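Here is how the chains run, residue by residue.
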Amino acid sequence: MLLLIKNIQELIQVRSMEVSFLKGDKMKELPTLKNAFLLIENEIIKDFGVMSQCPNINVNQTIDATNKTVLPTWCDAHTHLVYAGNRVQEFVDKINGLSYEEIANRGGGILNSSKKLNESSEEQLYQESKKRLEEIMKLGTGAVEIKSGYGLCTDGELKMLRVIKKLKENYPIAIKSTFLGAHALPFEFKNNKDAYINLIIDEILPKVTDENLADFIDVFCETGYFTVEDTVKIMEAGAQYGLIPKIHVNQFTSIGGIEASVHHKALSVDHLEEMTDNDIEALKNASTMPIALPSCSYYLGIPYTPARKMLNAGLPLALASDYNPGSTPSGNMNFVVSTACIKMKMTPEEAINAATINGAYAMGLEKTHGSITIGKKANIIITKEIPSYVYLPYAFGSNNIDMVIINGKVI
Ligand code: NIG
Ligand code: FE
């Protein structure tokens, strides 16, 4: 099966296989080809180039992309899109002046979603979650990481991870799965955090890995949730089973979680709304990808990750959605890219690099996703007729996407 996209106004993010992620000044560069073609064979990018070199061959399907921009699909390296119900009441409470922490302290927040999740069957949870997955695919996401963390007990965590596994089996989008047992302290363990951590390590983790349900391990390392010491203990337990850490850190406070995560070879550290100079220092020359979640900052009204400061210090940065019912009820990566430009002062080039190749790296998918590269998966966004790629973040709130191709198939 050959699919040819021709007369592409501009083909974005064309790179060789050698590039696995970008940092510092390199993030300002976004290689493109004007008046280009792209040839897809089955689910793989077979060739691309300028129109004057477009091969004259028989193909099964041709798409004319005159006046349209073509780019790789978004790589969303941080979501919690498997959840039950919603938290609209907390949305209203927030409008009326309560903070995220105040809502959590009243029994709302993560524990509220946990209650709903444990009342849902696996089938109900699957049905709800698949709608969200289908929604983000239509919005141009072609690879996504999904976390557990609303079960907070053996059955609930396994249920969430089995739903993620089923999504992996039934959809063409690349999905990576993360075990986030340490997302909050369940009510029954209110005064006994160590017992809950032991439950995670001694009971849930072995079952998760027995069924091969997770690629990564995560902890909400934050004041009032899990300490750096707890985080280290869980990262080390995960390592025994081959799970690489991706850690929630520095959302509200900087407590040393970044340094510890880098030390334990975390693939990513995520949130980073509160960054000290020491935190930035700890990330220099590390293999750990920092991930910013601007939709979360937008929704909660908390500071944005200091992207300029981090990029100017030579660090890499990825962008992800954080899609979840409490702090970011949106998985729209187009909005994420736009908000990163508008609020974090990332250039369109930096933001697109952060949401494609760097996002792929932050899921261990940089060999197959995140750029227009011969041999990578044919995961492609074709825009509507727009003047240039800068128009994507500029025209925030508009849907500028005409077509999404995942694994070579139009969805
Ligand atoms: O990444 N901060 C921790 N976890 C989620 C929010 C979870 C929730 O409120 O349901 C986040 O923002
Ligand atoms: Fe999160």
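If you're wondering where the values come from, they're calculated on a predicted model, not measured in any experiment.

Draft legend 1. Structural detail: the overall build of the protein chain. What the protein chain contains, in helices and strands, is 15 helices and 16 strands. Taking 22 Å as the expected radius of gyration for a compact globule of 411 residues, we find that the protein chain reaches 21 Å, a close match to that expectation. Reported as C-alpha extents along the three principal axes, the dimensions of the protein chain are approximately 70 × 45 × 45 Å. Counting across all 411 residues of the protein chain, residues that qualify as buried make up 58%. Residue pairs in contact within the protein chain that sit at least 24 positions apart in sequence constitute 75% of those at least 6 positions apart. Total accessible area on the protein chain is roughly 16,100 Å²; 49% of this is exposed by carbon and sulfur atoms. Positive and negative side-chain charges of the protein chain, numbering 40 and 48 respectively, have mean locations separated by a distance of 4 Å.

Draft legend 2. Broad picture of the nonpolar core. Counting residues in each nonpolar core, the largest one holds 116 residues, and the members touching the most others are Val 82, Leu 133, Leu 167, Phe 179, Leu 319 and Met 346. When residues in this core are grouped by element, the largest group, 8 residues, is from helix α6 (residues 193-210). Looking at this core, you find at least three residues from each of domain 1 (2-73 + 370-410) and domain 2 (75-361). Residues Leu 3, Val 70, Ile 372 and Ala 378 belong to the second largest nonpolar core, which totals 18 residues.

Draft legend 3. Region of interest: the domain arrangement of the protein chain. Partitioning the protein chain into domains gives domain 1 (2-73 + 370-410) and domain 2 (75-361). The C-alpha-based centres of domain 1 and domain 2 are spaced at 29 Å. Each partner contributes to the interface: domain 1 provides 31 residues, whereas domain 2 provides 33 residues. Buried surface at the junction of domain 1 and domain 2, both sides included, amounts to about 2,500 Å², of which 64% is carbon and sulfur.

Draft legend 4. The arrangement of the environment of Lys 367 in detail. Residue placement: Lys 367 occurs in the loop between α14 (357-361) and β14 (380-385). Those residues in contact with Lys 367, other than ones at most four positions away along the chain, are Met 17 and Lys 376.

Draft legend 5. Local environment of the site of ligand 1. As a matter of local geometry, ligand 1 sits amid 15 residues, with Tyr 100, Tyr 150, Gln 251, His 271 and Ser 327 nearest to it. One nitrogen or oxygen atom from the side chain of His 183 is found 2.8 Å from a nitrogen atom belonging to ligand 1. Between Ser 327 and ligand 1, the recorded distance is 2.5 Å, taken from a side-chain N or O atom to an oxygen atom. Taking a 2 Å distance to the grid points as the criterion, the majority of the atoms of ligand 1 fall inside the largest cavity. Class assignment for the residues of the shell around ligand 1 results in 4 nonpolar, 9 polar and 2 charged.

Draft legend 6. The arrangement of the pattern of salt bridges in detail. Summed over all chains, the structure comprises 16 salt bridges. As a salt-bridge pair, Glu 43 and Lys 377 come within 2.5 Å of each other at their nearest N and O atoms. In this pair, Glu 43 sits in the loop between β2 (32-41) and β3 (44-50) while Lys 377 sits in the loop between α14 and β14, placing the two residues 334 residues apart along the sequence. Of the residues examined, Glu 43 reaches a relative accessible area of 31% and is grouped as partly exposed. Put simply, Lys 166 and Glu 123 hold a salt bridge, and the shortest N to O gap is 3.2 Å. Of this pair, Lys 166 sits in helix α5 (residues 154-170) while Glu 123 sits in helix α4 (residues 122-138); the two residues are 43 residues apart in sequence, bridging distant segments of the chain. Look at Lys 166 and you get partly exposed, because its relative accessible area is 29%. By relative accessible area, Glu 123 is classed as partly exposed at 38%.

Draft legend 7. Representation of unusual backbone geometry. Phi is positive for Leu 152, which is not a glycine, with a value near 60 degrees. Residue placement: Leu 152 occurs in the loop between β7 (141-147) and α5. For Asn 250, which is not a glycine, the phi torsion comes out positive at approximately 55 degrees. Secondary-structure assignment places Asn 250 in the loop between β10 (244-249) and α8 (257-263).

Draft legend 8. Geometry of the state of the cysteines. For the coordinates displayed, the defined rule picks out 0 disulfides. Unpaired in this structure, Cys 75 has its nearest cysteine sulfur neighbour in Cys 341, at a distance of 17 Å. Exposure remark for Cys 75: the relative accessible area of 1% places this residue in the buried category.

Draft legend 9. Structural context of the layout of surface pockets. Here the largest pocket is characterised by a volume of approximately 570 Å³. Surrounding the largest pocket, 23 residues form its lining, Ala 104, Leu 111, Ala 184, Leu 185 and Phe 187 being those nearest its centre. Only α2 (100-105) and α3 (110-119) provide two or more residues apiece to the lining of the largest pocket. Sorting elements by how many residues they give to the lining of the largest pocket places α3 first, with 5 residues.

Draft legend 10. Here's a closer look at empty space enclosed by the protein. Going through the model one piece at a time under the given rule, you end up with 3 cavities of 30 Å³ or more. Of the volumes computed, that of the largest cavity is approximately 90 Å³. Surrounding the largest cavity, 13 residues form its lining, His 80, Tyr 100, His 183, Asn 324 and Ser 327 being those nearest its centre. A per-class count over the lining of the largest cavity returns 4 nonpolar, 7 polar and 2 charged. The calculated volume of the second largest cavity comes to roughly 70 Å³. Of all the elements in the fold, those that place two or more residues in the lining of the second largest cavity are α1 (88-95) and α2.

Draft legend 11. View of the environment of Ala 354. Inspection of the secondary structure puts Ala 354 in helix α13 (residues 348-355). Owing to a relative accessible area of 0%, Ala 354 belongs among the buried residues under this scheme. Residues Ala 354 and Lys 147, spaced 207 residues apart in sequence, show a C-alpha to C-alpha distance of 20 Å. With near-sequence residues (within four places) excluded, Ala 354 lies in contact with Met 27, Leu 317, Ala 318, Leu 319, Met 346 and Gly 359.

Cut-off values and rules
- Residues numbered from 1 in each chain as written.
- Chains lettered and ligands numbered in written order.
- Predicted model: local features only at pLDDT ≥ 70, side-chain atom pairs only at ≥ 80, totals over all residues.
- Heavy atoms only, no water.
- Helix = DSSP H or I, 4+ residues; strand = E, 2+ residues; numbered from the N terminus.
- Rg over C-alpha atoms; globule rule 2.2 N^0.38 Å.
- Buried < 20%, exposed > 50% of the residue type's maximum accessible area, 1.4 Å probe, protein only.
- Contact = heavy atoms within 4.5 Å.
- Areas by Shrake-Rupley, 256 points an atom, 1.4 Å probe, with all protein chains shown as cover.
- Lys, Arg positive; Asp, Glu negative; His and termini not counted.
- Charge placed at Lys NZ, Arg CZ, Asp CG, Glu CD.
- Core = buried A, V, L, I, M, F, W, Y, C linked by side-chain atoms within 4.5 Å.
- Domains from an automatic or database assignment.
- Buried area = accessible area lost by both parts, 1.4 Å probe.
- Near = heavy atom within 4 Å.
- Polar contact = N/O pair within 3.5 Å; in protein donor to acceptor, adjacent residues only side chain to side chain.
- 1 Å grid on protein atoms, 1.4 Å probe; cavity = no way out; pocket = protein on both sides within 12 Å on 5 of 7 lines; lining within 4 Å.
- Sits in = over half its atoms within 2 Å of the grid points.
- Nonpolar A, V, L, I, M, F, W, Y, C, P; charged D, E, K, R; others polar.
- Salt bridge = Lys/Arg side-chain N within 4 Å of Asp/Glu carboxyl O.
- Disulfide = S-S within 2.5 Å.
- Points joined across faces, edges and corners; volume = space filled by probe spheres on them.

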